[in-house]
Amino acid sequence: MSILHKAKNYVEILFKDKLSSVYFYHNFIHTAYTVNKAEEIMKNTPVSDDDQEKVLVALWFHDTGYIECAGNHEERSVEIMKEFLHQENYPENYIADVEKLILATKITYEPQNLLEKIVKDADFSHFAGHDYNDISDALRKEWELTNVRCFSNDEWNAGNLDMLKTSILIIPIMPKKTGNL
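I will try to describe carefully the structure that is included in this document. (Residues numbered from 1 in each chain as written. Predicted model: local features only at pLDDT ≥ 70, side-chain atom pairs only at ≥ 80, totals over all residues. Heavy atoms only, no water.)

**Observations regarding the pattern of salt bridges**
Thought 1: Applying the stated criterion across every chain, the model contains 10 salt bridges.
Thought 2: A salt bridge links Lys54 to Asp51, with the shortest nitrogen-to-oxygen separation between them at 4.0 Å. Note that Lys54 and Asp51 are positioned in helix α3 (residues 49-61) at a spacing of three residues, about one turn of the helix.
Thought 3: Residue Asp51 is classed as partly exposed on the basis of its relative accessible area of 24%.
Thought 4: A salt bridge links Glu99 to Lys82, with the nearest nitrogen and oxygen atoms 3.5 Å apart. With Glu99 in helix α5 (residues 92-103) and Lys82 in helix α4 (residues 73-87), this residue pair connects regions lying 17 residues apart in the sequence.
Thought 5: With relative accessibility at 22%, the residue Lys82 sits in the partly exposed group.
Thought 6: Put simply, Asp50, Asp51, Lys54 and Asp97 are held in one network by salt bridges that share partners. (Salt bridge = Lys/Arg side-chain N within 4 Å of Asp/Glu carboxyl O. Helix = DSSP H or I, 4+ residues; strand = E, 2+ residues; numbered from the N terminus. Buried < 20%, exposed > 50% of the residue type's maximum accessible area, 1.4 Å probe, protein only.)

**Side note on unusual backbone geometry**
Thought 1: Of note in the backbone geometry, Asn89 takes a positive phi value of approximately 60 degrees without being a glycine.
Thought 2: When you line up the elements, Asn89 lands in the loop between α4 and α5.

**Description of the nonpolar core**
One recurring pattern in soluble globular proteins is that nonpolar side chains are buried together.
Thought 1: Residues Val55, Phe61 and Leu85 are the most contacted members of the largest nonpolar core, which totals 37 residues.
Thought 2: Looking at this core, the elements that each hand over two or more residues are α1 (3-18), α2 (28-43), α3, α4, α5 and α6 (114-124).
Thought 3: Discounting chain neighbours no more than four positions away, the residues touching Leu85 are Ile3, Val57, Tyr90, Tyr94, Ile95 and Val98. (Core = buried A, V, L, I, M, F, W, Y, C linked by side-chain atoms within 4.5 Å. Contact = heavy atoms within 4.5 Å.)

**Considerations on the packing of α3 against α6**
Thought 1: It is at 10 Å that the axes of α3 and α6 come closest, and there the two elements cross at 40 degrees. For the element pair α3 / α6, the angle class is oblique. Every pair of crossing elements has a handedness; the one defined by α3 and α6 is right-handed. Across the interface between the two elements, Asp51, Val55 and Leu59 from α3 touch Leu115, Ile118, Val119 and Ala122 from α6.
Thought 2: Of the residues belonging to the contact of α3 with α6, the class tally is six nonpolar, no polar and one charged. (Axes fitted to C-alpha atoms, helices over the stretch in contact; angles between N-to-C directions. Parallel < 35°, antiparallel > 145°, perpendicular 65-115°, else oblique. Left-handed = near helix turned anticlockwise from the far one by under 90°. Nonpolar A, V, L, I, M, F, W, Y, C, P; charged D, E, K, R; others polar.)

**As for α6**
Residues spaced three or four apart along an α-helix point in a common direction, a consequence of the helix completing one turn every 3.6 residues.
Thought 1: Counting buried residues in α6 gives nine out of 11 residues, a clear majority hidden from the surface.
Thought 2: Every buried residue of α6 is accounted for by Leu115, Glu116, Ile118, Val119, Lys120, Asp121, Ala122, Asp123 and Phe124.
Thought 3: For α6, the side-chain oxygen to backbone nitrogen distance between the N-cap and Leu115 is 3.1 Å, and the N-cap itself is Asn113. (Polar contact = N/O pair within 3.5 Å; in protein donor to acceptor, adjacent residues only side chain to side chain.)

**Structural notes on the packing of aromatic side chains**
Thought 1: Per the counting criterion, the structure on display carries six aromatic pairs.
Thought 2: With 5.7 Å between their ring centres and 20 degrees between their planes, Phe28 and Trp60 make a pair best called stacked. Of this pair, Phe28 sits in helix α2 while Trp60 sits in helix α3; the two residues are 32 residues apart in sequence, bridging distant segments of the chain.
Thought 3: Looking at Phe28, the relative accessible area reads 19%, which means it is buried.
Thought 4: Taken together, Tyr10, Phe61 and Phe84 form an aromatic cluster joined through their ring pairs. (Phe/Tyr/Trp six-rings, centres within 6.5 Å; stacked < 30°, edge-to-face > 60°.)

**As for α1**
Thought 1: Spanning 16 residues, α1 covers 22 Å between terminal C-alpha atoms, matching the ideal 22 Å at 1.5 Å per step.
Thought 2: Taken together, the buried positions of α1 are occupied by Ile3, Ala7, Val11, Leu14 and Phe15. Each buried residue of α1 sits inside an arc of 95 degrees when the element is viewed along its axis, so together they form one side. In α1, those exposed residues whose orientation departs by more than 90 degrees from the buried face are His5, Ile13, Lys16 and Asp17. (Expected span 1.5 Å × (residues − 1). Arc of directions from axis to C-beta.)

Below you can see the structure in the form of structure tokens.
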């Protein structure tokens, strides 16, 4: 079984067994969505197989820290990933690369290289989705239930508008090559 299948299975069980049901947004569905978006981005981006694997492993683990807390969940996600990859006997340099990619998902982090840009774009890709309103509502409900903050409709709408104005895709999505060029 590949490391990606093992990571997927591990995270799926971890979320099923340990993630509170109040996480309407930061859950396995969001995690799988980001992995799928990264795969889509990498189909049209020159990335080695090894780097593609690192991106996908990072995205499988990027929100696992929510099983313990929302604040600084990325750091806890890194610890969970490290435990997993150590059990799989992965080298420290590989683990360090994946760690950097998980930390690149922090909302205020500015990506420094192509792989970090891919991870960030995949994690933020829901902003461009047809179901953005539903996802936004799920996040709002999650934040209310986890005591992050309750918003009036006006506050929520203004915050979403501000986020949409400032959150742009970092790498351009290139059309798929057809061979006609």
